[in-house]
Amino acid sequence: RQYGTNPLHLQEMVQAFKEALAYAGRSFFEDPEHDRIFRNCQAELIRTVQERYRHACLLEKNQDWAAAEAEFRSLLAIVRDDKNPIFHNVTAHLARVKYYRKKTEPKRNPLFR
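To keep things clear, this report deals only with the structure shown in the data block. All values derive from a computational prediction rather than experimental measurement.

Reading the values: rules and limits
Residues numbered from 1 in each chain as written. Predicted model: local features only at pLDDT ≥ 70, side-chain atom pairs only at ≥ 80, totals over all residues. Heavy atoms only, no water. Core = buried A, V, L, I, M, F, W, Y, C linked by side-chain atoms within 4.5 Å. Buried < 20%, exposed > 50% of the residue type's maximum accessible area, 1.4 Å probe, protein only. Helix = DSSP H or I, 4+ residues; strand = E, 2+ residues; numbered from the N terminus. Contact = heavy atoms within 4.5 Å. Expected span 1.5 Å × (residues − 1). Arc of directions from axis to C-beta. Polar contact = N/O pair within 3.5 Å; in protein donor to acceptor, adjacent residues only side chain to side chain.

### A look at the nonpolar core
(1) Moving on: Grouped together as the largest cluster of nonpolar side chains are 23 residues, with contacts concentrated most on Leu45, Val49, Phe72 and Leu75.
(2) Moving on: Contributing elements (two or more residues each) for this core: helix 1 (7-24), helix 2 (32-61), helix 3 (65-78) and helix 4 (85-104).
(3) Moving on: At 7 residues, the largest contribution of residues to this core is made by helix 2.
(4) Moving on: When sequence neighbours within four positions are dropped, the list of residues in contact with leucine 75 reads Val49, Arg52, Tyr53, Ala56 and Val90.

Set out below in structure tokens:
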């Protein structure tokens, strides 16, 4: 965890490494240290996303709709690419959670705002 625990920062680092490879026209880094840093950042990002996803699904299963919605939203902030299958999976969970949250919230009297 030497690269920090902020998943947005990890996502940006992984993306920067991928772009550097793409611009260089390579599929690997010549410098083993750069390759090690890239692999470590990528592994930490994957671990973080998996943990948050599992936690969000557990909240959803326990019908804690507000907490599940917040956790799925935080995942969408990390996995922002709509070409990523995880993005679509999280979006589907979020839609379900929002539906049930709205359905189970007590109705408010419009006279008491």
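### Things to note about the side chain of threonine 48
(1) Moving on: By the secondary structure assignment, threonine 48 is in helix 2.
(2) Moving on: By relative accessible area, threonine 48 is classed as buried at 8%.
(3) Moving on: In this structure, threonine 48 is in contact with Pro7 and Leu10, ignoring residues within four places of it in sequence.

### With respect to helix 4
(1) Moving on: In this model helix 4 runs 29 Å from its N-terminal to its C-terminal C-alpha over 20 residues, within 8% of the 28 Å that 1.5 Å per residue would give.
(2) Moving on: Of all the residues in helix 4, the buried ones are Phe87, Val90, His93, Leu94 and Val97. End-on view of helix 4: buried residues confined to an arc of 130 degrees, all on one side of the axis. For helix 4, the exposed residues lying more than 90 degrees away from the buried face are Pro85, Lys102 and Lys103.
(3) Moving on: Looking at the buried side of helix 4, the elements it contacts are helix 2 and helix 3.
(4) Moving on: Two or three places before isoleucine 86, at the start of helix 4, stands the capping residue asparagine 84, its side-chain oxygen 2.8 Å from that residue's backbone nitrogen.

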